[in-house]
Amino acid sequence: MLSDAPSPPAPAAVLCGLAGWVPPRVVTNDELAERLDTDDTWIRTRTGIRTRHLADPGQATSDLAVEAGRLALRSAGGGSVDTVIVTTTTPDRPCPATAPGVAARLGLDGVAAFDVGAVCTGFVYGLATAAGLIAAGVARRVLLIGADTYSTIVDPLDRANAIIFGDGAGAVVLRAGHPDEPGAVGHFDLGSDGAHEELITIAAGGSRQRSRPGEPTWEERHFAMRGTEVYRHAVTRMAASARATLDKAGWKIDDVDHFVPHQANLRILHSVADSLDLSRERCVAHIDAVGNTGAASIPLALADAAARQRIRPGERLLLTAFGGGLTWGSCLLTWPSLPDPPRQEERTTP
Ligand code: UT7
């Protein structure tokens, strides 16, 4: 017999663990200026970056992801997960995905494990993917890791890009819970505009280049970005995505305690905040210490802010990302009380 009782809401993905990890090697602007035609003042004033952490030779994205994943599981109070998602632009290799190896090294045998690729928007796309798996009952507890080693794809002599990017990993644990409880992620806004896919690319390494004769050039094998055009898209797309998400939730900008954007360039973050009428003090910025860490940037910024108690339980957050594709996305959440929050000594900055 059919019941008239309202069906319970689908389970929400609730953030219950968080950690960031960056490789120990710190590279200052002055060190970069020794080999590039640049200087500390240009980099600081044009990007807001003072230092970045770079992987050592031989260190791969999965190595960073395992460190962040282990700390995030600890932050969630231990226990296992049934799904591991790694979001990255710098997988260990084109095949297989990076996530299964990360899961195995974390002792998570037999779990579902796959990668999500959305360049610097990867973490927000990954959150939406995890939320969908949990809402559908496919997963109950997900480890989502954003990890990138841009130092492996950026030409070290490309002064426009070598100064911006850093390496790092950030991870969250999401469990099935109630949509109204602190830590529940959503509403979401996701989007893309592939007509501008050429603005951020690595031309070689995929089927497009391999299906034609001849070896790829040095340029084709490295990361290329048309920075000024990307900058303009980033400001408009991030602001529009943030607004669309607030509208879906019925929030006003004053309902947001902290805006946590993808850490692309401090000037971009401030422009987006200004265009949203959100005071810059409410914009979480971590780029000065770690640079642009791609898919890791939002969870690294969250981990740093949580360790500094810059974000506190009960506060309302708006996360917004933008990256190659072009892709963009936003999501809302109320900050939860974590069983074992990131600690000062585990902060991502020295
Ligand atoms: O994470 C995914 C999304 N990524 C982003 O959102 C990044 C977006 N783009 C940017 O952050 C900025 O475009 C950059 C930081 C990459 C570049 O800053 P910009 O203000 O857009 O500089 P520009 O490319 O317009 O160049 C201005 C000048 C040029 O010199 P001229 O032609 O005016 O003489 C460049 O050659 O600055 C020069 N320049 C530099 N000078 C010193 C470019 N890079 C450097 C450098 N040091 N590192």
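- The protein chain has the name Beta-ketoacyl-[acyl-carrier-protein] synthase III in an unreviewed UniProt entry, where Streptomyces phaeofaciens is given as its organism.
- The heading Catalytic activity (unreviewed entry) in the UniProt record of the protein chain holds the text "malonyl-[ACP] + acetyl-CoA + H(+) = 3-oxobutanoyl-[ACP] + CO2 + CoA".
- In its Pathway (unreviewed entry) section, the UniProt record describing the protein chain reads: "Lipid metabolism; fatty acid biosynthesis."

1. Observations concerning the UniProt feature "domain: Beta-ketoacyl-[acyl-carrier-protein] synthase III C-terminal" (unreviewed entry) in the protein chain
Thinking step 1. UniProt marks residues 246-335 with the feature "domain: Beta-ketoacyl-[acyl-carrier-protein] synthase III C-terminal" (unreviewed entry), using the numbering shown here.
Thinking step 2. Here residues 246-335 is 32% helix and 22% strand, with 16 Å between the C-alpha atoms at its ends.

2. What to know about the sheet that holds strand β6 (residues 141-149)
Thinking step 1. With respect to topology, five strands assemble into an open sheet ordered β1-β7-β6-β4-β5, the strand pairing being mixed. Of all strands in the sheet, those bounded by a partner on one side alone are β1 (12-21) and β5 (112-116). Pairwise comparison of adjacent strand axes, ignoring direction, gives a mean angle of 20° for this sheet.
Thinking step 2. Contacting β1, β6 and β7 (167-177), helix α3 (residues 61-75) runs over the sheet at an angle of about 120° to β1.

3. So, the side chain of threonine 47
Thinking step 1. Here threonine 47 is to be found in helix α2 (residues 40-47).
Thinking step 2. At a separation of 2.5 Å, a polar atom in the side chain of threonine 47 contacts the main-chain carbonyl oxygen of isoleucine 43.
Thinking step 3. Excluding anything up to four places from it in sequence, threonine 47 contacts Trp42, Ile163, Asn265, Leu266 and Ile287.

4. Focus: the UniProt feature "domain: Beta-ketoacyl-[acyl-carrier-protein] synthase III N-terminal" (unreviewed entry) in the protein chain
Thinking step 1. UniProt tags residues 114-194 as "domain: Beta-ketoacyl-[acyl-carrier-protein] synthase III N-terminal" (unreviewed entry).
Thinking step 2. Taken end to end, residues 114-194 comprises 22% helix and 35% strand; its first and last C-alpha atoms sit 23 Å apart.

5. With respect to the site of the ligand
Thinking step 1. Near the ligand, the surroundings consist of 21 residues, among which Thr38, Arg159, His262, Asn265 and Asn292 are the closest.
Thinking step 2. A distance of 2.8 Å is found between an oxygen atom of the ligand and a side-chain nitrogen or oxygen belonging to arginine 159.
Thinking step 3. Between the ligand and asparagine 292, the relevant distance is 2.7 Å, taken from an oxygen atom to a side-chain nitrogen or oxygen of the residue.
Thinking step 4. Within the complex, the protein chains bury 73% of what would otherwise be the 950 Å² of accessible surface of the ligand.
Thinking step 5. Counting atoms within 2 Å of the grid points, the majority share of the ligand lands in the second largest pocket.
Thinking step 6. Counting residues per element, the ones that place at least two in the shell around the ligand are α2, α6 (159-162), α9 (227-249) and α10 (266-275).
Thinking step 7. If one sorts the elements of the shell around the ligand by residue count, α9 sits on top with four residues.
Thinking step 8. Across the shell around the ligand, the residue classes tally to 10 nonpolar, seven polar and four charged.
Thinking step 9. Built from parts of two domains, the shell around the ligand gets at least three residues from each of domain 1 (12-177) and domain 2 (184-334).

6. Describing the sheet that holds strand β11 (residues 258-261)
One key point about sheets: their strands pair by backbone hydrogen bonds, in either a parallel or an antiparallel sense.
Thinking step 1. Strands sit in the order β8-β13-β12-β11 across an open sheet of four strands; the sheet is mixed. Two strands close off the open sheet at either side, each with one partner strand: β8 (188-192) and β11. Here the average twist between neighbouring strands, direction ignored, is 15°.
Thinking step 2. Across four bridges, the pairing between β11 and strand β12 (residues 316-323) is parallel. From the neighbouring strand, valine 260 faces β12, where its bridge partner is leucine 319.
Thinking step 3. Together, β8, β12 and β13 (327-334) form the strand contacts of helix α5 (residues 122-135), whose direction differs from that of β8 by roughly 125°.

7. Let's talk about α10
Thinking step 1. Every buried residue belonging to α10 is among Ile268, Leu269, His270, Val272 and Ala273, and all of these are buried.
Thinking step 2. The inward-facing, buried residues of α10 contact α9 and β11.
Thinking step 3. The backbone nitrogen of arginine 267 lies 2.9 Å from a side-chain oxygen of the residue at the head of α10, namely asparagine 265.
Thinking step 4. Where α10 terminates, the next one or two residues include aspartate 277, which has phi positive at roughly 65°.

Quick notes on the rules
Residues numbered from 1 in each chain as written. Predicted model: local features only at pLDDT ≥ 70, side-chain atom pairs only at ≥ 80, totals over all residues. Heavy atoms only, no water. UniProt positions renumbered as here; feature names shortened; annotations may be inferred. Helix = DSSP H or I, 4+ residues; strand = E, 2+ residues; numbered from the N terminus. Pairing = 2+ DSSP bridges. Axes fitted to C-alpha atoms, helices over the stretch in contact; angles between N-to-C directions. Contact = heavy atoms within 4.5 Å. Polar contact = N/O pair within 3.5 Å; in protein donor to acceptor, adjacent residues only side chain to side chain. Near = heavy atom within 4 Å. Areas by Shrake-Rupley, 256 points an atom, 1.4 Å probe, with all protein chains shown as cover. 1 Å grid on protein atoms, 1.4 Å probe; cavity = no way out; pocket = protein on both sides within 12 Å on 5 of 7 lines; lining within 4 Å. Sits in = over half its atoms within 2 Å of the grid points. Nonpolar A, V, L, I, M, F, W, Y, C, P; charged D, E, K, R; others polar. Domains from an automatic or database assignment. Buried < 20%, exposed > 50% of the residue type's maximum accessible area, 1.4 Å probe, protein only.

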